[in-house]
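Below are the chains, spelled out letter by letter.
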There are 2 protein chains.
Amino acid sequence: MQERTVRFGPLSGYVGYALRRAQLWSVAAYLSAMKEVDLRPTQFSVLILINENPGIRPTEICAALGLQKANFVPLLNELERRALVVRHAGVPDRRSSALHLTPEGKALHERALQLHENWENLVVERLGADGREQLLALLQKLT
Amino acid sequence: MQERTVRFGPLSGYVGYALRRAQLWSVAAYLSAMKEVDLRPTQFSVLILINENPGIRPTEICAALGLQKANFVPLLNELERRALVVRHAGVPDRRSSALHLTPEGKALHERALQLHENWENLVVERLGADGREQLLALLQKLT
DNA sequence: TATTGTTATACTCTATAACTATA
DNA sequence: TATAGTTATAGAGTATAACAATA
């Protein structure tokens, strides 16, 4: 291959481009750190929400996480197939179901929290604790 | 719907989650701002790289942007179909092609740069010029 | 042999419309 | 009539394997 130093031009200074590259790195590092529990980012988020809000209903989770309800169905089916989550009959509204973690789900959730700390530590290694807090504050301010 | 304040628990403090939400907002705002030129983020990046590096070859673009060469083919086909980019015969290596912007491509590239400034201004509105620089530096340090 | 561009393919994520059963 | 969950489907984005032409 002919040697050439590719010029990025204005791309280097774009927040959108930097966000995209950071997000790609983030997901790759997350998947590596969470391999043991085999939870995709959205699955992990859902377990956290059910743990924090026992009996929460699918619509509430979708609204909180910005998911389409249609896409939530197979995700929840998979968590139920793995016996991490149960759908209890909705009372009094029988259209909706109340979601709870099973004992296995609670255990995996706890382990996932531990593993996720390793991921956050990667960020601290690169940015320092202060840099991590700054980044978090800026990202939250953005959205 | 039953009223309930969903508790996010530790999710609120995760850099990975904040990055994901920021990226979703970023892409939505980008698409809105760039509607006139109808360029996806990757297409825009490719136009910038060709403009900055006339005669650049597909493999170099893929390496610079982290794209799979197989996925670059249809992307480039579309840019050529829109008469924004031309593939010139590779010299001396006839396996590869030298990419250049057409006059139409240069014009659209210029317009896209202008529109993209509106996007960056959104970030400045939310974070201030200093905040934007801080965010950019932190994201680049992360990757 | 190795590399460039290409084709084919598959998997994930996301988005929309329409259906059912309940309210 | 409106809503919760579901089904089906389609579009992006991303990944790997294999091939032809060329080095």
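As a reminder, the structure under discussion sits directly above these lines.
Remember, predicted model here, so these are calculated numbers, not experimental data.

Student: Could you clarify how one ought to interpret the pattern of salt bridges in this entry?
Tutor: When charged atoms on two side chains of opposite charge get close, those side chains can pair. The tally for this structure, following the rule as stated, stands at 14 salt bridges over all chains. One salt bridge in this structure joins R111 of chain A and E36 of chain A, with 2.7 Å as the shortest N-O distance. Of the two residues, R111 of chain A is situated in helix α5 (residues 103–142) and E36 of chain A in the loop between α1 (15–33) and α2 (41–52); the sequence distance between them amounts to 75 residues. R111 of chain A sits in the partly exposed class, given a relative accessible area of 31%. Between E78 of chain B and R81 of chain B there is a salt bridge, and its shortest N-O distance comes to 3.0 Å. Residue E78 of chain B and its partner R81 of chain B are located together in helix α4 (residues 69–81), separated by three residues, close to a single helical turn. Residue class for R81 of chain B comes out exposed when judged on its relative accessible area of 61%. Put simply, E120, R132 and E133 of chain A are held in one network by salt bridges that share partners.

Student: Please clarify how the protein's contact with DNA strand D should be interpreted in this entry.
Tutor: The immediate surroundings of DNA strand D are formed by 20 residues, with P58, T59, R87 and R95 of chain A together with N71 of chain B found nearest. A share of 55% of the atoms of DNA strand D within 4 Å of the protein falls on sugar and phosphate groups. Secondary structure elements with two or more residues in the surface near DNA strand D: α3 (58–65) and α4 (69–81) of chain A together with α4 of chain B. Ranked by residues supplied to the surface near DNA strand D, first place goes to α4 of chain A with three residues. By residue class, the composition of the surface near DNA strand D is six nonpolar, five polar and nine charged.

Student: Where do I start with the protein's contact with DNA strand C in this structure?
Tutor: The environment of DNA strand C is formed by 20 residues, the closest being R40 and N71 of chain A together with P58, T59 and R95 of chain B. What you see for DNA strand C is that sugar and phosphate hold 52% of its atoms within 4 Å of the protein. A distance of 2.7 Å is found between a base nitrogen of DNA strand C and a side-chain nitrogen or oxygen belonging to N71 of chain A. Elements with a contribution of two residues or more to the surface near DNA strand C: α4 of chain A together with α3 (58–65) and α4 of chain B. Counting residues per element, the surface near DNA strand C draws most heavily on α4 of chain B, at three residues. Considering only residue class, the surface near DNA strand C consists of six nonpolar, five polar and nine charged.

Student: Explain the interface of chain B and chain A here, please?
Tutor: Quite often, the size of an interface is put as the accessible area lost when its parts meet. Counting residues at the interface gives 59 residues for chain B and 59 residues for chain A. Surface buried jointly by chain B and chain A totals about 5600 Å² across both partners, of which 63% is contributed by carbon and sulfur atoms. On inspection of chain B and its partner chain A, the count reaches two salt bridges. With a closest N to O distance of 3.5 Å, E52 of chain B and R7 of chain A form a salt bridge. Scanning the region where chain B abuts chain A turns up 15 residue pairs in polar contact (both at pLDDT 80 or more). Secondary-structure elements contributing two or more residues to the side of chain B that touches chain A are α1 (15–33), α2 (41–52), α3 and α5 (103–142) of chain B. Among the elements that make up the side of chain B that touches chain A, the one with the highest residue count is α5 of chain B (17 residues). In the side of chain B that touches chain A, the residues fall into 29 nonpolar, 19 polar and 11 charged.

Student: Please explain the packing of aromatic side chains as it appears in this structure.
Tutor: Aromatic ring pairs: the centre-centre distance and the angle between the two ring planes describe each pair. This structure, assessed with the given rule, holds eight aromatic pairs over all chains. Residues F8 of chain A and Y17 of chain A carry aromatic rings whose centres are separated by 6.5 Å and whose planes lie at 45° to one another, so their mutual orientation is tilted. Aromatic pair W25 of chain B and W119 of chain B: ring centres 5.9 Å apart, planes at 40°, arrangement tilted. With W25 of chain B in helix α1 and W119 of chain B in helix α5, this pair connects stretches of sequence that are 94 residues apart. Residue W25 of chain B shares its accessibility class with W119 of chain B, and that shared class is buried.

Student: How should I be thinking about the relation of the copies chain B and chain A in this particular structure?
Tutor: Two chain copies here: they are related by a rotation about an axis and a translation along the same axis. Expressed as a screw transformation, the operator carrying chain B onto chain A has a rotation angle of 180° and an axial translation of 0.0 Å, and the superposed copies differ by an RMSD of 0.1 Å. Taken together, the rotation and translation relating the two chain copies correspond to the operation of a two-fold axis. Among all residues of chain B, the one whose C-alpha sits closest to the rotation axis is L135 of chain B, at a distance of 3.2 Å. Looking at chain B, 100% of its interface residues are interface residues in chain A too, so the copies touch through the same face.

Student: Would you explain unusual backbone geometry in this entry?
Tutor: Excluding glycine, a negative phi dihedral is what most residues carry, and trans is how most peptide bonds are arranged. Cis geometry is adopted by the peptide bond preceding P92 of chain A, which originates at V91 of chain A and carries an omega value of 0°. The backbone of D38 of chain B sits at a positive phi, close to 55°, despite the residue not being glycine. On the secondary structure map, D38 of chain B appears in the loop between α1 and α2. For D38 of chain B, a relative accessible area of 52% corresponds to the exposed category.

The rules behind the values
- Residues numbered from 1 in each chain as written.
- Chains lettered and ligands numbered in written order.
- Predicted model: local features only at pLDDT ≥ 70, side-chain atom pairs only at ≥ 80, totals over all residues.
- Heavy atoms only, no water.
- Salt bridge = Lys/Arg side-chain N within 4 Å of Asp/Glu carboxyl O.
- Helix = DSSP H or I, 4+ residues; strand = E, 2+ residues; numbered from the N terminus.
- Buried < 20%, exposed > 50% of the residue type's maximum accessible area, 1.4 Å probe, protein only.
- Near = heavy atom within 4 Å.
- Nonpolar A, V, L, I, M, F, W, Y, C, P; charged D, E, K, R; others polar.
- Polar contact = N/O pair within 3.5 Å; in protein donor to acceptor, adjacent residues only side chain to side chain.
- Contact = heavy atoms within 4.5 Å.
- Buried area = accessible area lost by both parts, 1.4 Å probe.
- Phe/Tyr/Trp six-rings, centres within 6.5 Å; stacked < 30°, edge-to-face > 60°.
- Least-squares fit on C-alpha atoms with pLDDT ≥ 70 in both.

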